[in-house]
Amino acid sequence: MIQKLFLIDFLKYRRSRAFLGISILYIVIIAFPILSTLTTGQIGKEMLDSSVNSPEFYNNIWQTIGYLFKFMSFMLALIVITHQTADYQNNSFRQHIIDGMTRWEYYLSKLIVLVTISAGAALFSYLIVSLAAGFHGASVFKMFASGIPFLLGYFVSTLGLLSMALFAGLIIKNTGLAIALYLAYMLVELVLTLTLSANLMPVGGFATNQGKVLGLNAFDIDLLFPKGAFLGLLPSPYWLQRAINGGNDISKNDYVFRWIMALIYLGVFQLVNLRIITRKEI
Amino acid sequence: MSNNILEVSGLTKQFGSLTAVNQLDFEIPQGAIFGLLGPNGSGKSTTLGMLLGVLSPSSGSYNWTFQENQTHVRRQIGTLLEQPNFIKNLSAYDNLLICATIKGVDKSDIYRVLKIVGLDQRAKSKFGTYSTGMKMRLGIANVLLGDPKILILDEPTNGLDPIGIAEVRQLILFLQSQGKTILLASHLLDEVEKVCSHMMILERGVKKYFGSVQNFVSGGRTSMFYHIQADDMIQLANTLTNLDFVISIHDDEGKNVIETQKDISASEVNRALAEQGIYLNHLSEYTPSLEQQFINLTKNKA
């Protein structure tokens, strides 16, 4: 059944100009500068200061690439929104149900698309990193082994952001409005979390990372919101370094909390999307 | 085992305070061409939408009796609901490949159905480049995928030219001769009268008639119609309005047509008028067309 559902959406995507255009943009406009920076730029030089094939080398390179790549997920979200709204505009959702697809199968077909795009993005990030690392003589096997937690984080982070995009595409039929809603929410969440953390943190807290709210570092308050929870799976190397320098060792519990929050929101969006699909009158 | 292919009981759909379909009960016999008739907004598409899973009934139920497992029953039904819903930037072949994949039909069937509707030479053209008639024919091709036993066609001649309409009509009759059961929703009464064996008339979501087309047009109707003339037509009209058994009076190309209660014969009409001092110079029973019957039915009970 999964193969069948995959084929149905594959047929729709393969002739889609939006899919091709955004994918090319994703690869050429954003990924290539990253590759170029890693191999020749400042970040690359810093990482190369660690000796190639040392644990620090792999850690540095994965943290950097994971952090940079996660922002590209927003581009992939545009593909998901465009295709979901196209399903409404072409009446494909309605036609699929009429032709005999169950609503559960329709939901699964959408989930398969999200998983495929997220897995593709993770694989693409692995290829980019392997290229950069291989350029400096690193072991591809060690590269992969050390990168599994980052790849998983990137995969789940992308899956979460795409699930939010699917939600936007399910509740609004107009492509432009759905994209606007998605981006507006991201902005609102950013402003809200910045305002909250600024108000909750003691003076100087941001610099020293001393403020605690609900057991969280104050500027990690964004983990309580969906976008923050998904992006929080791949914290910035700058933050990690600062947290360590500030005397806050990044404990295992901190990562567990990040994963729990991301998985909770991922589950919530899956349930909400499933409910919309099963209840919507088309 | 039931001889019906579909059994519907108390089917109701409400949109807020509006009752679009109200307590529908009907059955479709196997092998019938079943017409679903009604003016625009009468609830035809809403009824079909519920039977096809795109709308949830507010109450009531339906049962496609030819298959126990109702989950995948729609894969055995060829449906064209309102208008063909295909993806503009995909070819006819790719669009049908998606439909065939959902229905579990082998892709080798695609060219067979495209050939039936005369689109095999344009299989690789994008759907967006098709004319209205070609789009409708592709919709019919999708209906025929997998050779289903039941076909649901909602306004299948919309957008077709007279030749296309005649072809669809021929196709429907051909499919019935192959033993298919066909549910045809239309507001084109002529179309229904020509091809349907059974029908249901809906108006504002309420069932107005259910039975065979022949019964409706002739014996099964709920009233009688007479062409009637007298020397003084004004006096005749005034007298008719005072007779209890007369339901309605209207003009049909210069002649008065009266609709009476079902059990009133021509001689009873003649006698009643003679008792009032009116002597007719013309009285004949008149069988109205489906269209006239339909207009009468919906006009009188609205």
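These notes cover the structure that comes with them. (Residues numbered from 1 in each chain as written. Chains lettered and ligands numbered in written order. Predicted model: local features only at pLDDT ≥ 70, side-chain atom pairs only at ≥ 80, totals over all residues. Heavy atoms only, no water.)

1. What to know about the overall build of chain A
Across its full length, chain A holds 13 helices and 2 strands. Restricting the contact set of chain A to residue pairs at least 6 apart, pairs at least 24 apart contribute 77%. Surface exposure of chain A reaches about 12,800 Å², of which carbon and sulfur atoms provide 70%. (Helix = DSSP H or I, 4+ residues; strand = E, 2+ residues; numbered from the N terminus. Contact = heavy atoms within 4.5 Å. Areas by Shrake-Rupley, 256 points an atom, 1.4 Å probe, with all protein chains shown as cover.)

2. Points about the overall build of chain B
A count of helical and extended segments in chain B gives 10 helices and 13 strands. For chain B, the spread of C-alpha atoms along the three principal axes comes to 75 × 40 × 40 Å. Classification of the 302 residues of chain B by burial places 52% in the buried group. Considering only contacts within chain B whose residues lie at least 6 apart along the sequence, 68% involve residues at least 24 apart. Here chain B has roughly 13,500 Å² of accessible surface; of this, 47% comes from carbon and sulfur atoms. For chain B, the separation between the mean place of its 27 positive charges and that of its 30 negative charges on side chains is 12 Å. (Buried < 20%, exposed > 50% of the residue type's maximum accessible area, 1.4 Å probe, protein only. Lys, Arg positive; Asp, Glu negative; His and termini not counted. Charge placed at Lys NZ, Arg CZ, Asp CG, Glu CD.)

3. With respect to the sheet that holds strand β2 (residues 18-29) of chain B
Residues and elements named next belong to chain B. With antiparallel pairing, 3 strands are arranged side by side in an open sheet as β2-β1-β4. The two strands at the open ends of the sheet, each matched to only one other strand, are β2 and β4 (59-64). Taken over all neighbouring pairs, the strand axes of this sheet differ in orientation by 15° on average, direction set aside. In this sheet, β2 lies alongside strand β1 (residues 4-15) in antiparallel orientation, the contact comprising 8 bridges. Residue pairing across strands places lysine 13 opposite valine 21, the latter belonging to β2. Across the sheet, helix α1 (residues 44-51) is in contact with β1, β2 and β4; its angle to β1 comes to roughly 115°. (Pairing = 2+ DSSP bridges. Axes fitted to C-alpha atoms, helices over the stretch in contact; angles between N-to-C directions.)

4. Structural notes on helix α8 (residues 233-241) of chain B
Residues and elements named next belong to chain B. Turning to α8, its buried residues are Leu236, Thr239 and Leu240. Considered in projection along α8, the buried side chains sweep an arc of 100° and stay on one side of the axis. Of the exposed residues in α8, those oriented more than 90 degrees away from the buried face are Ile234 and Thr241. Residues of α8 that are buried make contact with β10 (223-230), β11 (246-252), β12 (255-261), α9 (266-275) and β13 (280-285). Residue aspartate 232 occupies the N-cap position of α8, its side-chain oxygen lying 3.2 Å from the main-chain nitrogen of isoleucine 234. (Arc of directions from axis to C-beta. Polar contact = N/O pair within 3.5 Å; in protein donor to acceptor, adjacent residues only side chain to side chain.)

5. A short note on the interface of chain A and chain B
Each partner contributes to the interface: chain A provides 26 residues, whereas chain B provides 30 residues. Summing both partners gives a buried area of about 2,500 Å² for chain A against chain B, and 50% of it is carried by carbon and sulfur. The salt bridge partner of lysine 103 of chain B is aspartate 99 of chain A, with a shortest N-O separation of 3.9 Å. The tally of links from chain A across to chain B stands at 15 residue pairs in polar contact (both at pLDDT 80 or more). (Buried area = accessible area lost by both parts, 1.4 Å probe. Salt bridge = Lys/Arg side-chain N within 4 Å of Asp/Glu carboxyl O.)

6. What to know about the sheet that holds β10 of chain B
Residues and elements named next belong to chain B. Read across the sheet, 4 strands follow the order β11-β12-β10-β13 without closing on themselves; strand pairing throughout is antiparallel. Only two strands of the sheet have a single neighbouring strand rather than two, namely β11 and β13. Each strand of the sheet is rotated relative to its neighbour by a mean of 25°, with strand direction disregarded. Contacting β10, β11, β12 and β13, α8 runs over the sheet at an angle of about 150° to β10. Along the sheet face, α9 touches β10, β12 and β13 and points at about 155° away from the line of β13.

7. Re the pattern of salt bridges
It is possible for side chains bearing opposite charge to pair when their charged atoms get close. A complete count under the given rule lists 12 salt bridges over all chains for this structure. A salt bridge links aspartate 94 of chain B to arginine 14 of chain A, with the shortest nitrogen-to-oxygen separation between them at 3.3 Å. Placement of aspartate 94 of chain B in helix α2 (residues 92-103) and of arginine 14 of chain A in helix α1 (residues 2-14) is noted, with the two residues assigned to different chains. Aspartate 94 of chain B sits in the buried class, given a relative accessible area of 5%. Judged by relative accessible area, which is 34%, arginine 14 of chain A ranks as partly exposed. Here the salt bridges do not stand alone but share partners, grouping Asp9, Lys12, Asp87 and Lys110 of chain A into one network.

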